[in-house]
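Residue-level listing of the chains:
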Amino acid sequence: MATITTRMTGTDLQQVVPPFIPQGSHVMTRILDLPPGDPGLGPHRHSGPVFGYMLEGEMLFELEGAAPYVIKQGEAFWEPGGDVIHYTAANLLDDRNSRFLVVMLCAPDVEMITMVSEEELAAKADARLPRG
């Protein structure tokens, strides 16, 4: 049997304990590009957890129950999905695209992205945290 030699190295980016993943879920991997200054998709939910990595640029990221924060190139992020509102994923750069990779766990028979109604946003307005 041949010996395989490698010089592979690794860097851990994040370690999280994801929430419950429903039986029958599938995984979707996607690269997303935000044009310069783009505000991103409006407030929405994901059917399951999302794990991401910022490939280029930087974005403002805001989830329900957490203060908005900046994610820069080379940083990892995640969100639990389910009932948690994803308020913001905006490109903070006016002169170039921001690009990130996401791995999404999609619950069976549920759309991966569900937009949040204006009524719900108004009802939860007091719960949004200011940028830290």
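The notes below deal with the structure included here. The numbering scheme is per chain: residues are counted from 1 as the chain's sequence reads. Only residues with pLDDT of 70 or above have their local features reported here, since the model is predicted, and side-chain atom pairs are shown and tallied only from 80 upward, although totals for entire chains, interfaces and linings are computed over all residues. Side-chain metrics rest on all non-hydrogen atoms present in the structure, leaving aside hydrogens and water.

## Focus: the side chain of arginine 45
Stage number 1. Under the DSSP-based scheme used, a helix requires at least four consecutive residues in state H or I and a strand at least two consecutive residues in state E, with every element numbered from the N terminus. Relative to the elements of secondary structure, arginine 45 occurs in strand E2 (residues 44–46).
Stage number 2. Burial status follows relative accessibility: with a 1.4 Å probe on protein chains alone, a residue under 20% of its type maximum counts as buried, one over 50% as exposed, and anything between as partly exposed. Taking the relative accessible area as the measure of exposure, arginine 45 reaches 16% and is therefore buried.
Stage number 3. Polar contact is defined as a pair of N or O atoms within 3.5 Å, subject to the rule that within protein one atom must be able to donate a hydrogen and the other to accept it, and that residues adjacent in sequence are counted only when both atoms are side-chain atoms. Within the structure, arginine 45 has its side chain in polar contact with the side chain of glutamate 120 (distance 2.4 Å).
Stage number 4. Residue contacts follow a heavy-atom distance rule, with two residues in contact if any of their heavy atoms lie within 4.5 Å. Sequence-distant contacts of arginine 45, that is, excluding residues within four places in its chain, are made with Gly82, Asp83, Val84, Ile85, Met112, Ile113, Thr114, Val116, Glu120 and Lys124.

## Structural notes on the pairing of strand E4 (residues 58–63)
A regular strand places its side chains on the two faces of the sheet in alternate fashion.
Stage number 1. Of all 6 residues in E4, 5 are buried; the element is thus mostly enclosed.
Stage number 2. What makes two strands pair is DSSP finding at least two bridges between them. Alignment of E4 against strand E5 (residues 69–72), held across 4 bridges, turns out to be antiparallel. If you follow glutamate 58 over to E5, its bridge partner there is lysine 72.

## Remarks on the nonpolar core
Stage number 1. Here, nonpolar core means buried Ala, Val, Leu, Ile, Met, Phe, Trp, Tyr and Cys residues that are tied together by side-chain atoms lying within 4.5 Å of each other. Met59, Phe61, Ile71, Phe77, Phe100, Val102 and Met104 are the most contacted members of the largest nonpolar core, which has 14 residues in total.
Stage number 2. Among the elements that take part in this core, strand E8 (residues 98–106) stands out by supplying 4 residues, more than any other.
Stage number 3. Contact partners of valine 102, with chain neighbours within four places excluded, come to Met28, Thr29, Arg30, Leu32, Val50, Phe51, Gly52 and Phe77.

## Quick look at the sheet that holds strand E1 (residues 26–34)
Stage number 1. Pairing within the open sheet is antiparallel, and its 4 strands lie in the order E1-E8-E3-E6. The open sheet has two free edges, formed respectively by E1 and strand E6 (76–79), since each of these has just one partner strand. Ignoring strand direction, the axes of neighbouring strands in this sheet form an average angle of 20 degrees.
Stage number 2. Bridge count between strand E3 (residues 50–56) and E8: 6 bridges; the pairing is antiparallel. Paired with glutamate 56 across the two strands is arginine 99, which belongs to E8. The convention used is that axes are lines fitted to C-alpha atoms, helices contributing only their stretch in contact, and that angles between N-to-C directions extend from 0 to 180 degrees.

## Notes on the pattern of salt bridges
Stage number 1. The rule for a salt bridge is simple: a side-chain nitrogen of Lys or Arg has to be within 4 Å of a carboxyl oxygen of Asp or Glu. Counting across every chain of the model gives 5 salt bridges.
Stage number 2. Among the salt bridges present, the one from lysine 124 reaches glutamate 64, with a minimum N-O distance of 3.1 Å. Of this pair, lysine 124 sits in the segment after helix H1 (118–123) while glutamate 64 sits in the loop between E4 and E5; the two residues are 60 residues apart in sequence, bridging distant segments of the chain.
Stage number 3. Overall, lysine 124 belongs to the partly exposed group, its relative accessible area being 25%.
Stage number 4. A salt bridge links glutamate 120 to lysine 124; its shortest N-O distance comes to 3.4 Å.
Stage number 5. One salt-bridge network, held together by shared partners, links Arg45, Glu64, Glu120 and Lys124.

## Description of the environment of tyrosine 53
Stage number 1. Structurally, the position occupied by tyrosine 53 is in strand E3.
Stage number 2. Relative accessible area serves as the criterion here: at 27%, tyrosine 53 is assigned to the partly exposed category.
Stage number 3. Put simply, tyrosine 53 and tryptophan 78 are 25 residues apart on the chain and 8.6 Å apart in space, counted from C-alpha to C-alpha.
Stage number 4. Residues within four places of tyrosine 53 in sequence aside, it is in contact with Leu13, Gly74, Glu75, Ala76, Phe77, Phe100 and Leu101.

## Some remarks on the packing of aromatic side chains
Stage number 1. Two rings from Phe, Tyr or Trp (for Trp, the six-membered ring) form a pair when their centres sit within 6.5 Å of each other. Planes less than 30 degrees apart are called stacked, planes more than 60 degrees apart edge-to-face, and all others tilted. Applying the stated rule across the entire model yields 4 aromatic pairs.
Stage number 2. Here the aromatic rings of phenylalanine 61 and tyrosine 69 are separated by 5.8 Å at their centres, their planes lie at 70 degrees, and the arrangement is edge-to-face.
Stage number 3. Ring geometry for phenylalanine 61 versus phenylalanine 77: centroids 5.0 Å apart, planes at 55 degrees, classification tilted. Of this pair, phenylalanine 61 sits in strand E4 while phenylalanine 77 sits in strand E6, and the two are 16 residues apart along the sequence.

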